[in-house]
Each structure stands twice: as structure tokens, then as C-alpha cells.
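Next come the chains, spelled out residue by residue.
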Amino acid sequence: MDFMQHLVSYYKGEWLEAVLLTAFGITATGLAAVMWQHADQNALLKGLFYPIAFLAAFTVGAGCLGVYNNNQRLATMPAQYAQNPVELVQAEHKRFEGAKGVNTWWMPLKVLWAVLVIAGMAVSFTTRNDLIHGIAIGLIIIGAMGFVIDGFAHHRAKIYTAALLSQHAVQP
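Residues numbered from 1 in each chain as written. Predicted model: local features only at pLDDT ≥ 70, side-chain atom pairs only at ≥ 80, totals over all residues. Heavy atoms only, no water.

*Asks:* So what exactly am I meant to see when it comes to the nonpolar core here?
*Replies:* In summary, soluble globular proteins display a tendency toward joint burial of nonpolar side chains. Core analysis: the biggest nonpolar cluster contains 15 residues, and F3, L7, Y11, F96 and Y160 have the highest contact counts within it. Of all the elements in the fold, those that place two or more residues in this core are helix 1 (3–38), helix 2 (43–83), helix 3 (85–97) and helix 5 (130–166). The element that contributes the greatest number of residues to this core is helix 5, accounting for 5 residues. Leave out the neighbours within four places in its chain, and Y11 touches N70, R73, L74, M77, E92, R95, F96 and Y160. (Core = buried A, V, L, I, M, F, W, Y, C linked by side-chain atoms within 4.5 Å. Buried < 20%, exposed > 50% of the residue type's maximum accessible area, 1.4 Å probe, protein only. Helix = DSSP H or I, 4+ residues; strand = E, 2+ residues; numbered from the N terminus. Contact = heavy atoms within 4.5 Å.)

*Asks:* Got a minute to help me understand the packing of helix 3 against helix 5 in this structure?
*Replies:* Two quantities define a packed helix pair, namely the angle between the helix axes and the distance between the axes. Running from amino to carboxyl end, helix 3 crosses helix 5 at an angle of 135 degrees, the nearest separation of the two axes being 10 Å. In this view, helix 3 runs oblique relative to helix 5, as classed from their interaxial angle. Of the two possible hands of crossing, helix 3 and helix 5 adopt the one that is left-handed. Residues V89, E92, H93, F96 and E97 of helix 3 pack against A157, Y160, T161, L164 and L165 of helix 5. Residue classes in the contact of helix 3 with helix 5 are distributed as 6 nonpolar, 2 polar and 2 charged. (Axes fitted to C-alpha atoms, helices over the stretch in contact; angles between N-to-C directions. Parallel < 35°, antiparallel > 145°, perpendicular 65-115°, else oblique. Left-handed = near helix turned anticlockwise from the far one by under 90°. Nonpolar A, V, L, I, M, F, W, Y, C, P; charged D, E, K, R; others polar.)

*Asks:* Can you help me understand the packing of aromatic side chains in this one?
*Replies:* Given two aromatic rings, one states the distance between the centres and the angle between the planes to describe the pair. Overall, the coordinates contain 10 aromatic pairs when judged by the stated rule. An aromatic cluster of at least three residues, connected via ring pairs, comprises F3, Y10, Y11, Y81, F96 and Y160. (Phe/Tyr/Trp six-rings, centres within 6.5 Å; stacked < 30°, edge-to-face > 60°.)

*Asks:* Explain a nonpolar patch on the surface to me, please; I cannot follow it from the model alone.
*Replies:* Nonpolar side chains collect at one region of the surface, where W15, L16 and L20 lie side by side and expose about 280 Å² of accessible area between them. Inspection of the secondary structure assignment puts L16 in helix 1. A relative accessible area of 45% places L16 in the partly exposed class. (Patch = residues over 30% accessible without salt bridge, like charges linked within 9 Å, V, L, I, M, F, W, Y side chains within 5 Å. Areas by Shrake-Rupley, 256 points an atom, 1.4 Å probe, with all protein chains shown as cover. Salt bridge = Lys/Arg side-chain N within 4 Å of Asp/Glu carboxyl O.)

*Asks:* Got a minute to help me understand helix 4 (residues 106–126) in this structure?
*Replies:* Two residues of an α-helix separated by three or four positions point the same way, owing to the 3.6 residues in each turn. End to end, helix 4 covers 30 Å across 21 residues, agreeing with the expected 30 Å (1.5 Å per residue, within 8%). Along helix 4, the residues classified as buried are W106, W113, L116, V117 and G120. Angular distribution of buried residues about the axis of helix 4 spans 95 degrees; they occupy a single face of the element. Facing away from the buried side of helix 4 by more than 90 degrees, the exposed set consists of M107, I118, F125 and T126. The elements touched by buried residues of helix 4 are helix 5. (Expected span 1.5 Å × (residues − 1). Arc of directions from axis to C-beta.)

*Asks:* How should the packing of helix 4 against helix 5 be read in this particular structure?
*Replies:* Contact geometry for helix 4 and helix 5: axes closest at 8 Å, N-to-C directions at 155 degrees. Taken as axis vectors, helix 4 and helix 5 run roughly antiparallel relative to one another. Where helix 4 crosses over helix 5, the two elements pack in a sense that is left-handed. Residue classes in the contact of helix 4 with helix 5 are distributed as 17 nonpolar, 6 polar and 2 charged.

*Asks:* Whenever I open this one, unusual backbone geometry confuses me. Can you help?
*Replies:* The general pattern is negative phi for most residues beyond glycine and trans for most peptide bonds. Despite not being glycine, K100 shows a phi value in the positive range, around 60 degrees. A relative accessible area of 72% places K100 in the exposed class.

Given below as C-alpha cells:
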């Protein structure tokens, strides 16, 4: 596969993940609305509502932004690569491998998701308050979703980064 194919494949994958994230967020919004309607009947459900509502808002926002950004990249980057491959590869290399680049975020994000899951589990085992227990379950769900989303994103980024690094046009 040549680099142009890697470029398009990577950003199509990012676009698809963003579409799925948006769809998940819309579904979670509907779920949160139903939860809110019944929250007065169940403190555990009321506690779970808050993290689910946050997750819904976050995934809709991040998904829509991802769809927009990746549509823009798919519309412009292949032409930029055709016009000046060295410049595009260098810019992408910097974006992925540079200071605060895409690949510097995988470990901190894994730590964040693990902290949310562990905190949710710890609170779940130590509280008798149903509202707090619902929030703890929500933290576990958010952490698990973070692992799933970033797991696929990291996998795509590893493949794309390897393709970037294999380009002889990358200057140190």
C-alpha cells in the first residue's frame, strides 16, 4: 500500500469512528432522557443519569467535530499530498510524533480510563448510597468506553505512524 492509500484509509477510519461516536451519543442522549423521566423513582438510576448525560453530550460533540474535521482532511489532504508530498508528510509527522502530538496522548488517556474504572469500582464497593453508587457505575461505563474508543484509534494511529515513518521524505 502506498502512502496515499494509508492517508485516505487512516482518515476514513477516523471519520467512521466519529460517525459511530455521534450515533452512540445520540443513542445515549435518548437513554439519558428516559433515565431522567424515571430518576425520581430510583436513586441508583438518578446517579447513573449524570455520567450518562455527560457521556452523551461529550460523544455527540466529539463525534460531530470528528466528522467535520475528517471530512475536511479527506477533502484537502490527498490533493496536498499530490502537490507537495514532502511537506504533507513532514506536517503529519510533526502532528503525530511532535511535542504534544497525537501519539503522546495514548498513555495518559489509558491512565485516565483506568482511573475512572478503578475509582468507580472502589466507590461501588465502599458506598451504601444508591445515588453515589449510580455515579460510580457511570464512571466505570465512561472508562470502559474510553478504552474501546481509544483502542481502535490507537491501532489506526500505529499503522498510520509506521507509514509516515517509512517515508524517506521525513526530515528529523
